[in-house]
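Spelled out from the first residue to the last, the chains are:
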Amino acid sequence: AAAAAAALAPATATTAAAESAVCDVAGGSSSGCSSSRNSPTPSPAPADDASADTGNGTSSEDEDYFFEGPEKTLEVWFKPPKQDVAELDNKHPVGTIGLRAIARSKLEALLSLVRCTILSSTHTDCMDSYVLSESSMFVTPYRFILKTCGQTTLLKAVPRIQELAREVGLTEVEELFFHRRHFSRPDLQHFPHTSFDHETEFLSALFPEGSAYELGKNGDSWYLFTLNTPNHALHCTDKTLEIIMSDLDPEAMRVFFKSDKVRTAKDVERLSGIDSIFPGAKLDGFLFDPCGYSVNASLEEHYFTIHVTPQDDFSYVSFETDVPLQNYAPLVQLVTDIFRPGRFTVNFFTNEASTAQTNKLPAFNLKMPSFKRIDNVVYVFSHYHMFFSHFQRKSRTPDIDSGVESCVESRH
């Protein structure tokens, strides 16, 4: 993977121990201008799949305009066959091993359960990446990542994912994470996403050993369900950073609306600075009509993904990457300079086989002069550390004055 600058250089090998808890396109698409898009429509929901009725009196016109940007994220690791353990870090041509051997037609059928479709795909020797009508999917030999937003029914895919894995010889789930931010309009979601209690009940029926957690305060809740069992230890490193942003600066969001100057995803990437986050990454972007943007970026065995809902009434941006870095603070600063959120949350997962050192993780060394830290929580699971920090902006002025261009230039 090509690092963006010296400050974003890959980390050296160390081990983070984890032993005990220390508390804590489509019509309705990935990026928000839902009713106006002239894109492929997602697969219809099953007839019995109705959203929760809260009787709040909102009009259908309001519902058509609103779009739920925050994604539901599922990450499932399968235990590789014994003969493949020694080859975990090797490259494999597309479709030759593990989950990558699942036919695309079966993946498309899987996504119909979720209420979304594939818009485009890219493939490296290590990973298959799919931009969806509602966010993203990544498939490696033994890891399956699915992120979906809007009114998708992501968890309905879990039993089918297990069936498809068994068809290619993967019978044991080694680790599982399901997480999401709170919804602005939970009344518009479909079961089992009508509440975190329902999601927990659904997953607990499949994984009785799983545990559920709620983090955050003052209405900025973040939910997690994970196995957290001592007998499940990944054989390879895993570090994932997620930045969840809301209350975005309207000026920063303007580039994510189609206009005479912004006609393609490449225009968005150049004007916003997204193409400079990790120079050398292979970008697969999609600009929705009339607004909204998604991109998957491949860096051989690693990725980053961004999803933008730019409307001022419910603006939202997510950034996620598994690129291993020595210090994540410059990356967090760069991403927040590009999108200029009023509030943002940083979630960071690292397993005991990863290269991270506990005292160098972002929840501890993030210094954001323009923001006030509202929350800071650390969880230590059986094989993972999880760090959660929430920030609120003091003033927009410093970031507007500095601008994206100066931030990008300072990295070269």
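Cis geometry is found at the peptide bond from Phe191 to Pro192, where omega equals 10 degrees. Along the polypeptide, Pro192 turns up in the loop between strand E6 (173-181) and helix H4 (196-206). At Arg115, a residue that is not glycine, the phi angle is positive and equals roughly 80 degrees. One can find Arg115 in the loop between helix H2 (104-114) and strand E2 (118-123). In this structure, Ser135 takes a positive phi of about 90 degrees despite not being glycine. Turning to its location among the elements, Ser135 is positioned in strand E4 (residues 135-139). Ser135 sits in the buried class, given a relative accessible area of 0%.

Next up on the list: the environment of Asp128. Relative to the helices and strands, Asp128 is located in strand E3 (residues 128-132). At a separation of 2.7 Å, a polar atom in the side chain of Asp128 contacts the side chain of Arg100. Only 2.8 Å separates the side chain of Asp128 from the side chain of His123, close enough to count as a polar contact.

Relative to the elements of secondary structure, Ser204 occurs in helix H4. Distance from Ser204 to Leu227, taken between C-alpha atoms, is 9.6 Å for residues 23 residues apart in sequence.

The set of residues buried in helix H6 (residues 265-272) consists of Ala265, Asp267, Val268, Glu269 and Ser272. Following H6 by one or two positions, Gly273 has its phi on the positive side, about 95 degrees.

With that settled, consider the nonpolar core. Ranked by size, the top nonpolar core spans 46 residues in total, and within it Ile277, Phe304, Ile306 and Phe339 carry the most contacts. Looking at this core, the element that brings in the most residues is helix H7 (residues 329-339), giving 7 residues. Membership of the second largest hydrophobic core comes to 36 residues, among which are Val114, Val139, Tyr142 and Phe207.

In this structure, the largest cavity occupies an estimated 90 Å³ of space. Looking at the largest cavity, the residues that line it are Thr73, Glu75, Phe177, His179, Asp238, Thr240, Glu242, Glu320 and Phe349. If you list the elements that add at least two residues to the lining of the largest cavity, you get strand E1 (72-78), E6 and strand E9 (239-248). Here the lining of the largest cavity is built from residues that sort into 2 nonpolar, 3 polar and 4 charged.

For the rest of this paragraph, the subject is H4. Within an α-helix, residues lying three or four positions from one another point in the same direction, as the helix has 3.6 residues per turn. Along H4, the residues that are buried comprise Phe196, Glu199, Thr200 and Leu203. Viewed along the axis of H4, the buried residues span an arc of 100 degrees, placing them on a single side of the element. Away from its buried face, by an angle of more than 90 degrees, H4 presents the exposed residues Asp197, Glu201 and Ala205. In this fold, the buried residues of H4 make contact with helix H3 (158-167), E6, strand E7 (211-215) and strand E8 (222-226).

Here the focus is the sheet that holds E3. Across the sheet, which stays open at both edges, the 8 strands sit in the order E2-E3-E4-E5-E1-E6-E8-E7 with antiparallel pairing between neighbours. Each edge of the open sheet carries a strand with a single partner, namely E2 and E7. For this sheet, the mean inter-axis angle between neighbouring strands, taken without regard to orientation, is 10 degrees. Across 5 bridges, the pairing between E2 and E3 is antiparallel. Bridge pairing links Ser121 to Tyr130 in E3. Packed onto the sheet, H2 meets E2, E3, E4 and strand E5 (143-148) and runs at close to 40 degrees relative to E5. Relative to E8, H4 is tilted by about 10 degrees, and along the sheet it contacts E6, E7 and E8.

Attention shifts here to the confidence of the model for the protein chain. Taken over all residues, the pLDDT of the protein chain has a mean of 79, while the share at 70 or more is 73%. Mean pLDDT across the secondary structure elements of the protein chain bottoms out at helix H9 (residues 397-409), with 37, and peaks at H3, with 98. In the predicted structure, residues 356-360 sits below a pLDDT of 50 and forms 13 contacts with residues beyond four places in sequence or in another chain. Scored below 50 in pLDDT, residues 398-412 shows 27 contacts in the model against residues more than four places distant or in partner chains.

About the criteria used
Starting afresh in each chain, residues are numbered from 1 along the sequence in its written order. Given that the model is predicted, a residue must reach a pLDDT of at least 70 before its local features are reported, and side-chain atom pairs must reach 80 or more before they are shown or counted; all residues, however, enter totals for whole chains, interfaces and linings. Side-chain metrics in this entry use all non-hydrogen atoms of the structure; hydrogen atoms and water are not considered. Secondary structure follows DSSP: runs of H or I at least 4 residues long count as helices, runs of E at least 2 residues long count as strands, and numbering of each begins at the N terminus. We call a residue buried when its accessible area falls under 20% of the maximum for its residue type, exposed when it is over 50%, and partly exposed in between, using a 1.4 Å probe and counting protein chains only. As used in this structure description, the phrase polar contact means that two N or O atoms lie within 3.5 Å; if the pair is within protein, one of them must be able to donate a hydrogen and the other to accept it, and residues adjacent in sequence are counted only when both atoms belong to side chains. Remark: nonpolar core denotes a set of buried residues (Ala, Val, Leu, Ile, Met, Phe, Trp, Tyr, Cys) joined through side-chain atoms within 4.5 Å. Within this scheme a cavity is a closed region of a 1 Å grid, computed over the protein atoms alone, that accommodates a 1.4 Å probe without allowing it to escape, whereas a pocket is open but has protein on both sides within 12 Å along at least five of seven lines; lining residues each have an atom within 4 Å of a point. Grid points are joined across faces, edges and corners, and a volume is the space filled by probe spheres set on the points. The classification used treats Ala, Val, Leu, Ile, Met, Phe, Trp, Tyr, Cys and Pro as nonpolar, Asp, Glu, Lys and Arg as charged, and all other residues, Gly among them, as polar. Note that the arc is defined by the directions from the helix axis to the C-beta atoms. Contact criterion: two residues are considered in contact whenever any of their non-hydrogen atoms come within 4.5 Å of each other. Here a strand pair is declared whenever DSSP counts at least two bridges between the two strands. Whenever a helix is involved, its axis is fitted only over the stretch in contact; in every case the axis is a line through C-alpha atoms, and angles between N-to-C directions fall within 0 to 180 degrees. On a range of 0 to 100, pLDDT expresses the predictor's confidence in each residue.

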